[in-house]
Structure formats: C-alpha cells, structure tokens
Amino acid sequence: MVSGSAQAGAAASQRRRQYAKIAQTFGPFVALIALIVVFTIVNHHFFSIGNLFNILRQVSVLLILATGATFVILMGSIDLSVGAIVTLVGLLGAWVARKFGLPWILVMPVVGIVCGYINGWLFAYAKLPSFLVTLGTQFAIIGTASYIVHGHPIALQVTAHPIINNFFVGDYIGPIPNIILWAMVVYVICILAGRYTRFGRFMFAIGSGEKVAELSGVPVRRFKLYGFIVAGLLAAIGGLLLTFRIQSGAPGMGDPYLLTAIAAAVIGGTPLSGGIGGPSRTIIGVLIIGVLQNGMIVANINPFLQIIIQGVVVIIAVALTLDRAKIHLVK
Amino acid sequence: MRVGQPLLEVRNLCKSYPGVQALNDVSLYADKGQVVGLVGENGAGKSTILNLICGTQAADSGEVFVGGNKVGFGSYHEANLGGVFRIFQELALVPNIAVYENLFLSHEAHFSRYQLVSHKRRIDRARELLAEFGHSHIDPTKSTDAYDFSSRQVLEIIKAFALAEVLGIETPIILLDEPTAGLAGEEIDFLKAMVQELKHRAVMVFVSHRLTEVLEWSDRIYVLKDGQVAAEINDVAHLSEGDLHKAMVGRVREEQFYREQRQRTELGEPVLQVSGLTSAPYFQDVSFTVSEGEILGFAGVLGSGKSHIGRAIFGAANVSDGEVILRGETIKHPTIDQMTKRGVGWVPPDRHDEGLFLSFSVCWNISFARLACPAKSSSFLHLGFEQKQAREFVARMRVKTPSIWTQVDSLSGGNQQKVVLARWLALGVNCLILDNPTRGVDAGAKEEIYDLIRELTDRGVAIVLISDDLLELIGLSNRVIVMKDGLLVSENATPPDNKPTEAELVQAMV
C-alpha cells in the first residue's frame, strides 16, 4: 500500500531533481545575466557596444585555453601548465620570429603539442598524478622559456609581414575583430569534437568511470594522452593569439590564465570530478569571468579587492559544481 | 512464547522516503537467546528497520523499546550507549590502525586517566576479549588490515561485545546487516557458529539475502514485503526455502522462475572453445566449449577462480597459458578490444564499479560498447542512430526510466543491470559472459533478465554464466561446471527435466 502522501512525495522529489538539473544547466547563465545587469546599473557605460566588444576581445584567448582545460577536466584530471605554455609560446615565438622571420612563429602549435605530449605521457603512461605532473612541467616550461630569452620581453616585429599580423589581430571581418572570430572558430570545432567524435565521448567516459571505459575496450591511456595533447595545442593557439594581441612575448604573460582557464571550465559546468559538462558550456564560464574582470574595472573597484573577489568566485564555483558523491575522500 | 518485556521491540514503525513508503506499520520484537532473521526482497524495508533502530535515521512514527524503555536514538553513538550495535554491510573498521584501537574506537574515554588514554589497558583488555571469543591468534597491536575480510568481520562482532562491556551493558543488541555478503563457505560457517554461541549473551537480529542462511541461522523469522511484515514465523524448523521465498514474493519459484521450459536442447555450432587456459594464480588448465544457444554455468566458492575465468576470456585479466578459440579462430592472449570486435561481451559482477558510467544518461550507457568498438562505428558519432538504438533497447528490455536521457544512477538496481546488458546487445554479441547478472536485483527484474537470457539463446548466442546463486545456475544452465581452488572439478549436465539439487553441486564445491 503506497499512500497518497508517498506518491505526492515521489512527485515532489522528481520535481526537486528536475529543479536541480535546471539550476545546474541555467545557473551559470543566470549568474552571467545578473552580473551584466548589476554592472550596467553601477556604470551604464558597461553596457555599450564598444565595451561589450572589448570584453569579447579580452576573453578570446581565455576561451581557447579554457576549452583545452575543459577536455582535461572532463577526464577528472587537471592541467596546471596552461599558463606556462602560453608564456613559452609567446617568448619562444617572438624569439623565433626575430631570429628567423615572422612566419616561423606559426610552428608554435607544435611546441604546444610537445608540451601536452610530455604532460600526457607522464600522467597516462608513467602513472603520475596529473596535478603533480603539470605543477612540475609548469615550472620546467616557464624555466625553458626564460632560459632561451634570458628573461627579457621580446617585441614582435610584424612590419615585414603585415598579412600575418592582420590575419590574427589587425583586420575586422564585418564588425567583428579577427581575434574574436578565430577564438570562435576554434571553440566551435572543440564543441563539435566534444559532441560528435569518439574522442569527445571518451573524455566524458574516462571522467565518469575510467575502469568501466577500460572494460568496454577503450584504450584509456592513449586517450588520456590525446586529451593532454589537445589541451597543449589549444594553449599554444591561445598563446599565439595573445602574442599578436600584445605584439610581444613577455615573461609571465600566461600567468593570469592558469587559474582563470580552470575556473572558467568549472564555472561553466564541468566539475573537477569530471564526467559531465563539456566544452559547449565553457563559454558561459569564460564570459562570467570576462564580465567580472571588466565590470570590476568599470565599477572602479580596488584592484587588490578584484583579485580577492576572483579567488572567492572560483572557490564558490567549485563548491557548487563538485560531485561529492564521486569523491569519497577529499585529500 | 513471550515472557515479560522483550529486550528489543519496535511498534508501528512507519517511514517514507520521497516516492516510497519504505516501512508501513511494522512491529516486531527480539529477545535474548534468539537470532531473529529479517528477510525480504530488495527494498522490502530490511535495512530501513535497522537504520531506525540504531539511530541513523528517524522514523516518521512508531516506537522503539530497548529493555522495556522507549528510546529515540539520535545517532549511532547514542544507540551504542543504549546497547545497540550494528555490524555494517561494508566493514566499519578503520584499516590502518591497530586492532585494539578499532575495538574501542570513539569510546577511548573509558580507558583514560587525567585525559590521557591508556594504550596498555586497551591492549590488555583487547587481548582478554580475543581470548574469550576464541581468537587469541589475533594480535591486538597489529594493524587491522593485516587480517582478512572474515577475521575483520569477527572483530566487528567482538567489538560490539567489547563496547557493551565497557559501557556497562549486560545484553547488547546486535544488528547483523548482511554479515556474510563478502564471505566464502567456510568463513560463513565459522561466523554462524560464533553467532549461535553468542546468542545467549545477546539479542541478534540478522539480515541476509541468502535465504538458506536465514533459515539456518535464525530461531524466528520476519518476512518483509513492501515495507510491511508479511509473515512472522516462530517455528523455523519446518520451513523450507521455498516457503520463505513464496512468502517474500508471493509467487511460485522453481522451473517457471528460471524459464526452464525454454532451455534449449538442440545446440548449434561451437562458439567459444577454451583449452588449457591458465591465469596464475587464479586458475589453471581450464578447458570447455560453449555452443550456440547453450548456457554454461560456473559454480564455486569465492576464490575458486570462477570469476577470473570470465575476466581472462574477455581480456580483462592476464592469461599465462592456454588459448581461447572463437568460432575456430585461435586467440592466445585475449584483449578487450579483440573480444568486443568479435562479439564477445562481459557483464561484470559489480555494476557500480565496473559496469556503468554513473554520471551518464541511459542512452550514453547503452551505446558505449558499440561506439568504443572501431569495427562497429567510426570516429565520428552518429547521434541519431545512437538515440534510436537506445530507445529501441529501453522498450525491448522494459527498462523503467522516465527517458533515455535520465541519469542511469537514479534507476533501480534491476533496471541498471538491464542497461548493462543492453550495452552488449547494442554492440551485437554472439557470446556473452555473465558474472552474477542478477546480484542485488529484485525478483521481478530477475525474471525479466532470465527471459532475456533465454531470448538470447533462442537467437544462438552462447552464454557463460558465472554465479554465486546455485539455484540460478541450476535453473538456467545446460551444464554446470564446478570450480575449486582454481581447478575444474566436475561437470554436471542439467537438462530441464532432470536438474541436480543444490546439495549435489555443493558437495563438489567444498
């Protein structure tokens, strides 16, 4: 005998589940709108076409890096070397451009692939925790970059090859600055890869149940390696765009991107525990961070306070998204 | 029957969870010197009763009496203080601390002086207790994980007595929540002997899925069904497992349950041949053949190697010698991708750990084996086909789910198991290895799974059935191979009209 109240309870729990799911799906979106509204009220210049494009330009690099980070986080791993790869690509790219000519900077994605390969190999085949591996390679990569250029920033000499420069940052296609366009192109490719390819599904599967994936015939180690290679490649592409945007390679140029890339992925809805979310959601996280950074400047908040707020936002995002049922012990 | 106030009594307990009335007006009692068995299908309310008694959950209404006094424990610790102890399904001992520390965990205060806890007094007391219960071979100062599963289970029971004594409780109430789930034959007998010996010093409430055990262990039995007491049995001696089963589910067991009339007598070509297969140290020199439409059962106690045979054939465990022949093609060292490519599937015994992507939807779970198999799908996914196939299997296998996009985690055990099976059917198999395919599945879903297995054999699929449930093995299989200590010890024909009894198989197993 199931009483009427129990049935009502069942319906209520079903509803709660649905609400939770809706909150999970649309929460980040609502947060983004709320931020925009608040900053617009504080300073109506915030919501001007000029500033909105400004935000998009600012987040273009982050979008690419965060998408790369998303694949790694989907697997339940983490890549702390994202910012370091950006710095390496910037410094090495500018150095190569000066030494051999600007077109040589276009080989930088290979550098990203190599870095990703090293990360992935150490993680998947040498079976070291990804946290530790990438913490280590982060230093090694930054060290390598500084070693090559002796720690000095190098200006990008673009005058001989305006076409390449314009391709990345100079031109507008329609009203949209190139850098935004390229970021979107890369991003859309990543969404499609996440949704429509075996690679993408395997990233989800490794995060959701590595053992189950292995027992279904997935070459888990190989795909873990691929995941890190993709993250490395995307970090290099992001680094390349950044180098053209600031027209130089500078030590520490990638540092701010480490936390924000991971945060954007998590805020968007790919929890650190992996297995759910995906690249299609990362753009919301990227926009939240972009709006927050830009809005706090527009709202004239103390710059040190801005850093505190960013840190707090990251912790809140992790707390809201992490699937605690999956992580029995947090160590 | 009843003299005075029983030591443990619950009256009119009700408890509902969202969507389920877990307990509806349940009353029962237990007294010193008796082992009281609680049986019922999954979800009948056995664990809920224990939860309510030991304070880990609060009842909606109803009362619990201990020693004639009404109690309302707010936590497990309070229940301990009141003399109620529970032996949990999953062991509740901390593995990396010493045995004596575990025995008195969270009650160290009784051994303290000036706020300092005495190690020596705890160790001494632990040694005395172990000797008292006939386990003086256990060294209380050793780390707990130095002892095997069954010893630790015994330690849990000793712990209950140890704490009772420390707390000054004369007769502890001990709730045994499936204490035998992880134990093999002889260990179960050992535990049983211990419970029988100690029942005169305690009140024992015993919950198990294994009906034979409940019959053997209990002096009185309560049969639970849909959150209510369906039967209270005081005379266990004249009860058979069949009676108990009938009371639990209200349907006749036997041939009909296992669809024995559908067992195939005419078999086709050999599908899977195994010769001299060895996987040290789990099993040696195993040879057999399974043909189209045949179900070959594997029986054996835990550690007999039967489970590893399935893993080794599927490529999930190492093969040190011998070969697997699939439709004439010899494979020396099977790997999972080779096997899935050739249409071999494996349903693992533990679906949460090895069978399901818990954060995935039903759809993604069903499609996974197929899309992970390069021979059956390309690097680019065909999402339309994926959904169509998932819908098809949800309908065909009657998976009860709100939609194919529901997270598989929220389905019941039986439906989750159907999803695991559907994954292999979606791949398209001609040989399926099932390791305890109905573990933790309720009787209704079991029957549906049996139907499905029969349907597969009708279509010529060869099935290797590895199971701890002997009746299931006997009921379903054409032949049952018995394993012992990694060796194949006997092969028993089980034709539909002349099935061997459990006892006959057990003889070979132990």
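Residues numbered from 1 in each chain as written. Chains lettered and ligands numbered in written order. Predicted model: local features only at pLDDT ≥ 70, side-chain atom pairs only at ≥ 80, totals over all residues. Heavy atoms only, no water.

A. Local environment of the nonpolar core. Within the largest apolar cluster, 179 residues are counted, with the highest numbers of intra-cluster contacts made by Leu272, Phe288, Phe298, Ile313, Ile366 and Leu432 of chain B. With 13 residues, helix H2 (residues 49–74) of chain A is the single largest residue contributor to this core. The contacts of phenylalanine 298 of chain B, once residues within four sequence positions are left out, are Phe288, Lys306, Ile309, Val464, Leu465, Ile466, Ser467, Leu473, Ile481 and Met483 of chain B. One finds Leu130, Ile158, Ala162 and Val214 of chain B within the second-largest nonpolar core, a separate group that totals 51 residues. (Core = buried A, V, L, I, M, F, W, Y, C linked by side-chain atoms within 4.5 Å. Buried < 20%, exposed > 50% of the residue type's maximum accessible area, 1.4 Å probe, protein only. Helix = DSSP H or I, 4+ residues; strand = E, 2+ residues; numbered from the N terminus. Contact = heavy atoms within 4.5 Å.)

B. Broad picture of the domain arrangement of chain B. Split by domain assignment, chain B resolves into domain 1 (8–249) and domain 2 (260–509). Put simply, the middle of domain 1 of chain B and the middle of domain 2 of chain B, counted by C-alpha atoms, are 35 Å apart. (Domains from an automatic or database assignment.)

C. Up close: the confidence of the model for chain A. Residue and element names in this part refer to chain A. In this model, chain A carries an average pLDDT of 87, and 91% of its residues clear a pLDDT of 70 or more. Confidence, expressed as mean pLDDT per element, reaches its minimum in chain A at strand S2 (residues 172–173) with 72 and its maximum at helix H4 (residues 108–125) with 96. Scored below 50 in pLDDT, residues 1–7 makes eight contacts in the model with residues more than four places away or belonging to other chains. (pLDDT = per-residue confidence, 0-100.)

D. Here's a closer look at the sheet that holds strand S13 (residues 270–279) of chain B. Residue and element names in this part refer to chain B. Pairing is antiparallel in the open sheet, where four strands are placed in the order S14-S13-S16-S17. Of all strands in the sheet, those bounded by a partner on one side alone are strand S14 (283–291) and strand S17 (329–331). Across the sheet, the mean angle from the axis of one strand to that of its neighbour is 15°, orientation sign disregarded. The sheet contact formed by S13 and strand S16 (residues 321–326) spans five bridges and is antiparallel. Residue pairing for S16: threonine 278 is matched across the bridge by aspartate 321. Against the sheet, helix H10 (residues 306–314) touches S13, S14 and S16, its axis set at about 70° to S14. (Pairing = 2+ DSSP bridges. Axes fitted to C-alpha atoms, helices over the stretch in contact; angles between N-to-C directions.)

E. Expanded view of the packing of H2 of chain A against helix H9 (residues 220–246) of chain A. Residues and elements named next belong to chain A. Contact geometry of H2 with H9 gives a least axis separation of 7 Å together with a crossing angle of 170°. When the axes of H2 and H9 are compared, the pair comes out roughly antiparallel. Only Gly227, Phe228, Val230, Ala231, Leu234, Ala235, Ile237, Gly238, Leu241, Leu242 and Arg245 of H9 make contact with H2, whose side of the interface consists of Arg57, Gln58, Val61, Ile64, Leu65, Thr67, Gly68, Phe71 and Val72. Taken together, the residues of the contact of H2 with H9 sort by class into 13 nonpolar, five polar and two charged. (Parallel < 35°, antiparallel > 145°, perpendicular 65-115°, else oblique. Nonpolar A, V, L, I, M, F, W, Y, C, P; charged D, E, K, R; others polar.)

F. Molecular detail of the pairing of strand S4 (residues 61–66) of chain B. Residue and element names in this part refer to chain B. As paired strands, S4 and strand S5 (residues 69–71) are joined by three bridges and run antiparallel to one another. If you follow valine 64 over to S5, its bridge partner there is valine 71. Between S4 and S5, which pair antiparallel in sequence order, lie two residues; one of them, glycine 67, sits at a positive phi of approximately 60°.

G. Representation of the interface of chain B and chain A within the structure. Facing the 39 residues of chain B at the interface are 30 residues of chain A. Carbon and sulfur atoms supply 59% of the area buried between chain B and chain A, which totals about 2800 Å² over both sides. In this assembly, chain B and chain A are joined by three salt bridges. Glutamate 386 of chain B is the partner of arginine 201 of chain A in a salt bridge, and the nearest nitrogen-oxygen pair spans 2.6 Å. For the interface between chain B and chain A, the tally reads eight residue pairs in polar contact (both at pLDDT 80 or more). (Buried area = accessible area lost by both parts, 1.4 Å probe. Salt bridge = Lys/Arg side-chain N within 4 Å of Asp/Glu carboxyl O. Polar contact = N/O pair within 3.5 Å; in protein donor to acceptor, adjacent residues only side chain to side chain.)

H. Region of interest: the sheet that holds strand S15 (residues 295–299) of chain B. Residues and elements named next belong to chain B. If you trace the six strands from one edge of the open sheet to the other, you get S18-S19-S20-S15-S21-S22, paired in mixed fashion. Both outer strands of the open sheet, strand S18 (344–347) and strand S22 (487–493), are each paired with one neighbouring strand and no more. Neighbour-to-neighbour, the strand axes of this sheet turn through a mean angle of 15°, independent of strand direction. Pairing analysis gives four bridges linking S15 to strand S21 (residues 479–484), with the strands arranged parallel. Directly across from phenylalanine 298, in S21, lies its bridge partner isoleucine 481. Of the strands in this sheet, S15, S18, strand S19 (431–435), strand S20 (462–466) and S21 touch H10, which is tilted by about 145° from S18.

I. Structural detail: the pairing of S18 of chain B. All names here are of chain B. Of the two faces of S18, both are covered, the one formed by Val344 and Trp346 as well as the one formed by Gly345 and Val347. In terms of strand pairing, S18 meets S19 through four bridges, oriented parallel. For valine 344, the partnering residue across the bridge sits in S19 and is cysteine 431.

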